[in-house]
Amino acid sequence: MASFRTLDDVDVKGKRVLLRVDLNVPMENGRVTDATRLERVAPTITEISDKGGKVILLAHFGRPKGRDPKESLKQVTEALSKVVKKPVAFADDCIGEPAATAVAALNDGDILCLENTRFHKEEEKNDPAFVAELAKLGDIWVNDAFSAAHRAHASTEGLGHKLPAYAGRTMQAELDALEKALEAPTKPVIAIIGGAKVSTKIDLLENLVNKVDALVIGGGMANTFLHAQGVAVGKSLAEKDLAATAVRIMEKAEAANCAIILPVDATVAYHFAANAPSHAYGLDAIPADGMILDVGPQSIARIHAAIDDAATLVWNGPLGAFELQPFDRGTVAAAKHAAERTKAKKLISIAGGGDTVAALNQAGVGGDFTYVSTAGGAFLEWMEGKPLPGVEVLRVK
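Residues numbered from 1 in each chain as written. Predicted model: local features only at pLDDT ≥ 70, side-chain atom pairs only at ≥ 80, totals over all residues. Heavy atoms only, no water.

**Quick look at the packing of aromatic side chains**
Going through the model one piece at a time under the given rule, you end up with 1 aromatic pair. Note on Trp315 and Phe369: the rings are 6.2 Å apart at their centroids and 55° apart in plane angle, and the pair reads as tilted. One end of the pair, Trp315, is in strand β15 (residues 312-316); the other, Phe369, is in the loop between α12 (354-362) and β17 (371-373), and 54 residues separate them in sequence. Considered together, Trp315 and Phe369 belong to a single accessibility category, that of buried residues. Here the basic side chain of Arg40 rests over the ring of Tyr371, its NZ or CZ set 5.5 Å away from the ring centre. (Phe/Tyr/Trp six-rings, centres within 6.5 Å; stacked < 30°, edge-to-face > 60°. Helix = DSSP H or I, 4+ residues; strand = E, 2+ residues; numbered from the N terminus. Buried < 20%, exposed > 50% of the residue type's maximum accessible area, 1.4 Å probe, protein only. Lys NZ or Arg CZ within 6 Å of the ring centre and 35° of its normal.)

**Remarks on the environment of Ile202**
Positionally, Ile202 belongs in helix α7 (residues 202-208). Distance from Ile202 to Ala246, taken between C-alpha atoms, is 8.7 Å for residues 44 residues apart in sequence. Filtering out sequence-adjacent residues up to four positions away, Ile202 remains in contact with Thr245 and Arg248. (Contact = heavy atoms within 4.5 Å.)

**Looking at the UniProt feature "binding site: substrate" (unreviewed entry) in the protein chain**
In the numbering used here, UniProt assigns the feature "binding site: substrate" (unreviewed entry) to Asp22, Leu23, Asn24, Arg37, His60, Phe61, Gly62, Arg63, Arg118 and Arg151. Mapped onto the elements of the fold, Asp22 is located in the loop between β1 (16-20) and β2 (27-28). Residue Asp22 is classed as buried on the basis of its relative accessible area, which comes to 8%. In contact with Asp22, other than residues within four places in its own chain, are Arg37, Val41, Ala145 and Ser147. A polar atom in the side chain of Asp22 sits 2.9 Å from the backbone nitrogen of Asn24. (UniProt positions renumbered as here; feature names shortened; annotations may be inferred. Polar contact = N/O pair within 3.5 Å; in protein donor to acceptor, adjacent residues only side chain to side chain.)

**Some words on the pattern of salt bridges**
Inspection of the entire model under this criterion finds 23 salt bridges. Between Arg20 and Glu123 there is a salt bridge; the shortest N-O distance is 3.9 Å. Here Arg20 is found in strand β1, whereas its partner Glu123 is found in helix α4 (residues 122-125), with 103 residues between them in sequence. Taking the shortest distance from any N to any O, the salt bridge between Glu384 and Lys386 comes out at 2.8 Å. What makes Glu384 buried here is its relative accessible area of 13%. One network of salt bridges, in which partners are shared, links Asp8, Glu47, Lys51 and Arg169. (Salt bridge = Lys/Arg side-chain N within 4 Å of Asp/Glu carboxyl O.)

Here is the structure:
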């Protein structure tokens, strides 16, 4: 973390701290149904508050088109207050007189949440005048929203050019984990990449073949690669028009000395439904009217062996239709195996992406990985090797 400024580099006492956080939590009937993201940002909020800083929270919520009470952050403040165990005040705008009055009323250690930054279209345009209005409210800016760091918006990047900028503790942990995963990893490194479509992960695969020693490809994506190798995949999900892309990625991997590990057998069913009758087949015997919905037992054994050979694992995407039992078997088995290796201090395991987090939680091992990122798009873009605006602005110049 030497290349980034963190809270260790600043005294926040008496300062107005504009703290960008991710409060984009799922809601039902006005109640927060999953407080994970609130729990993630709580340590930064409480640390600044305990050290006598005035905490001024900036966040977006949903994708509003202008002001919309349904997308107001006011409904999140009560749940946040419970998580941080301190009162959280609310201002019904993030700029202008309501915000200025609420900030002026703060004592050292107080916490204030400003209204949804996306109620102003200038937020997503990173409009300089809007950035200046936000900057008036603070003395320093702390970015703790890695999940929004791939966006160059006013509150996620623009403020870093107007105020002294620092990484919050969640951001710091994320950057630390990502550095361990691909920037300066303990080798050998293995990546498990799954999910439905190759088309959404071409950049990711092309970046990874140059960074990892072995690449396990699972899910619907694997079917596209198998098809490219001449395997008949029946009625399985496969992007057959991307066969040439798959071949190109395999050639790049070979040139980079990266082993590509594809399924050697498959669990096949005839209906995409939970508990549909299924059977494991070798790749030379996939029924023409069957659908590959998970890796088979021999593939699971191969993946376990690949994990055993690795010192670092990066995981994004499930190995099969994990949302339907029994087609979660491959993903759950690999997740449990990686968790065991991690607990035995034989593996550094980093995972991220919405489906991946859900799959690890389903396997009951979300807490056993070295680091699980809740940032979807930002985690993916970072793995693709793209610079993230909200991170770059925190670098020590």
